[in-house]
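In case you want the letters, here they are:
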Amino acid sequence: MPTDRLLIRGADVVVTMDDARSEIAGGDVLVQDGKIVAVGQGLPRDGAEVVEATGCVVTPGLVNTHHHLFQTLTRAVPAAQDAALFGWLKTLYPIWARMTPDDIRLSAEVGLAELALSGCTCSSDHLYMFPNGARLDDSIEAARAIGIRFTATRGAMSIGESKGGLPPDQLVEDEAAILRDSERVVDAFHEPDEGAMIQVALAPCSPFSVSRELMRDAAILAREKGVRLHTHLAENDEDIRYSLDNFGMLPGDYAESLGWTGEDVWHAHCVKLSGDEIDLFARTGTGVAHCPCSNARLASGIAPIRHMRDAGVPVGLGVDGSASNDCSHLGLEARQAMLVARLRDGPSAMGAREALEIATRGGARVLGRSDIGVLAPGMQADLVLWDVSDLPAAGQWDPVAALIFCAPIRPRAVYVHGRAVVSDHRLLTADPRDLQRRAQKAVARLAG
């Protein structure tokens, strides 16, 4: 754990995301023992290591609220490039079924490395299939290696094709075994306290791949263990039809009937939530992981984020799987969130600062974390130095808005708990060239 003092000094702007949304020109951030001690101007050095932040905008680290890291090894698969959700899944299930535990870990390392290089300091991951002996432990090991905070969700599929579900039977599990392993991983890995690096949530994959009973029992177990709940919901028109045909109700109502609403629950996508379902989520504090790039890639639609935000629904960003987004870049996700909100609801529907807020403070709230997402004394020192002296920001008049409006601006440095994960634009915890080489070798085997 860090013991040294660190002074981030002289940033062009420090974007705190505090309650007043303060922005400090010429700002400093003082860090000690992995936590923020002070934010302001002209802070005393007092023996701290100094990092000069001239030419940078400093923000809280970005928070990714929905991902499938195992999919990083199946980017741009030709047969899946032009499919909608259900057809896309059916194309990729057989490839995923061939993955090994080493593939799961490598795929997670590649995705997490890319996230870190995009300014992400905390990511969730929804691992819902465990082929050939894979376990949630494999992705947790990858997160520890890359060094960003991690919410590992123990996903599951239990209804295969022979029982009317979407996934092939070889990828589903026995429900009693799912619950046993869910309890195991919570007991083994979940850190409940402030500053946690690894947390666990329970995440049956979707209403079309698990039973009503598993959804209910997972909610009961999660609340017994004090962990959060996550699943996919209302992703596209096919999803809505499935819910109406099989459950006789809309997805939000189905979720509520099984205990899947509340401040300890967040759902991915929610593209097709009705007004009444949005009001339900707002009343109960149920969160949403907004995945605009994936939603566009699969032609699922544009989620009504302006309506959700105005109603008070907690909203964060998710890059989703790297086979439905084909990248793990959270900065691009924030930009896309702003653009599609405007496409749906007009040019003033979302500004750059709101998109940045959703990517930081908003994501922290969705993951149930009150210790990250804001630069203020007492918060964890998860922060990013965005290099606005680089070419993509040349000509900008507003460096904070440039983070969202302009082409991706590279982080000069990324800190998690006061420890540098990225420095001088370079990832410090893994060799990207080695990850690339190993990934392509794995792809050749999976495609063979």
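Given the structure is predicted, the values throughout are model-derived calculations rather than measurements.

### So, a negative patch on the surface
Then comes step 1: On the surface, a cluster of negative charge is contributed by Asp253, Glu256, Asp276 and Asp279.
Then comes step 2: For Asp253, the location among the structural elements is in helix α7 (residues 251-257).

### Some words on the pairing of strand β14 (residues 383-387)
Then comes step 1: Taking burial as the measure, the five residues of β14 include five buried ones, the bulk of the element.
Then comes step 2: Side chains Leu383, Leu385 and Asp387 project from β14 onto one buried face, and the interleaved Val384 and Trp386 project onto a second face that is buried too.
Then comes step 3: By the bridge criterion, five bridges tie strand β5 (residues 56-60) to β14 in an arrangement that is antiparallel. The partner of Val57 across the bridge, within β14, is Trp386.
Then comes step 4: Sheet topology places β14 next to strand β15 (residues 411-416); four bridges connect them, and they run antiparallel. Paired with Val384 across the bridge in β15 is Val414.

### As for the UniProt feature "domain: Amidohydrolase-related" (unreviewed entry) in the chain
Then comes step 1: Mapped onto this numbering, the UniProt entry annotates "domain: Amidohydrolase-related" (unreviewed entry) at residues 57-421.
Then comes step 2: Spanning residues 57-421, this segment combines 41% helix with 17% strand, and its end C-alpha atoms are found 17 Å apart.

### Structural notes on the nonpolar core
Then comes step 1: Counting 123 residues, the largest nonpolar core has Trp88, Leu89, Trp96, Leu112, Trp260 and Met308 as the members making the most contacts within it.
Then comes step 2: Apart from the residues lying within four places of it in its own chain, the contact partners of Leu89 are Trp96, Tyr128, Leu166 and Phe208.
Then comes step 3: Grouped together as the second largest cluster of nonpolar side chains are 21 residues, Ile8, Val51, Leu383 and Ala413 included.

### Some details on the pairing of strand β1 (residues 5-15)
Then comes step 1: In this structure, β1 lies alongside strand β2 (residues 23-32), joined through eight bridges in antiparallel fashion. Looking across to β2, one finds that Val15 is bridged to Glu23.
Then comes step 2: Relative to strand β4 (residues 49-52), β1 is paired through four bridges, and the arrangement is parallel. Each bridged residue has a counterpart across the sheet, and for Ile8 the counterpart in β4 is Val51.
Then comes step 3: When β1 meets β5, the two strands line up parallel, connected through two bridges. Paired with Val13 across the two strands is Val57, which belongs to β5.

### Concerning the packing of aromatic side chains
Then comes step 1: Taken as a whole and judged by the stated rule, the model has eight aromatic pairs.
Then comes step 2: Taking the centre distance of 5.0 Å and the plane angle of 85° together, the rings of Phe70 and Trp96 count as edge-to-face. With a gap of 26 residues between them, Phe70 in the loop between β6 (62-64) and α1 (85-96) and Trp96 in helix α1 connect regions that are remote in the sequence. Just as Phe70 is buried, Trp96 falls in that class too.
Then comes step 3: Centre to centre, the rings of Phe70 and Tyr128 are 5.4 Å apart; their planes meet at 90°, and the pair counts as edge-to-face. Of this pair, Phe70 sits in the loop between β6 and α1 while Tyr128 sits in the loop between β7 (120-127) and α3 (136-146); the two residues are 58 residues apart in sequence, bridging distant segments of the chain. Considered together, Phe70 and Tyr128 belong to a single accessibility category, that of buried residues.
Then comes step 4: An aromatic cluster is defined as three or more aromatic residues linked by ring pairs; in this entry it consists of Phe70, Trp88, Tyr93, Trp96 and Tyr128.

### Some points on the packing of helix α2 (residues 101-117) against helix α14 (residues 432-447)
Then comes step 1: Put simply, α2 and α14 touch, their axes get as near as 10 Å, and they point 135° apart. Classified by the angle their axes make, α2 and α14 are oblique. Handedness of the crossing formed by α2 with α14: left-handed. Each of Asp103, Leu106, Glu109, Val110 and Ala113 in α2 lies in contact with α14, whose residues at this interface are Leu435, Arg438, Ala439, Ala442, Arg445 and Leu446.
Then comes step 2: Residues of the contact of α2 with α14, tallied by class, amount to seven nonpolar, no polar and four charged.

Calculation criteria
- Residues numbered from 1 in each chain as written.
- Predicted model: local features only at pLDDT ≥ 70, side-chain atom pairs only at ≥ 80, totals over all residues.
- Heavy atoms only, no water.
- Patch = residues over 30% accessible without salt bridge, like charges linked within 9 Å, V, L, I, M, F, W, Y side chains within 5 Å.
- Areas by Shrake-Rupley, 256 points an atom, 1.4 Å probe, with all protein chains shown as cover.
- Salt bridge = Lys/Arg side-chain N within 4 Å of Asp/Glu carboxyl O.
- Lys, Arg positive; Asp, Glu negative; His and termini not counted.
- Charge placed at Lys NZ, Arg CZ, Asp CG, Glu CD.
- Helix = DSSP H or I, 4+ residues; strand = E, 2+ residues; numbered from the N terminus.
- Buried < 20%, exposed > 50% of the residue type's maximum accessible area, 1.4 Å probe, protein only.
- Pairing = 2+ DSSP bridges.
- UniProt positions renumbered as here; feature names shortened; annotations may be inferred.
- Core = buried A, V, L, I, M, F, W, Y, C linked by side-chain atoms within 4.5 Å.
- Contact = heavy atoms within 4.5 Å.
- Phe/Tyr/Trp six-rings, centres within 6.5 Å; stacked < 30°, edge-to-face > 60°.
- Axes fitted to C-alpha atoms, helices over the stretch in contact; angles between N-to-C directions.
- Parallel < 35°, antiparallel > 145°, perpendicular 65-115°, else oblique.
- Left-handed = near helix turned anticlockwise from the far one by under 90°.
- Nonpolar A, V, L, I, M, F, W, Y, C, P; charged D, E, K, R; others polar.

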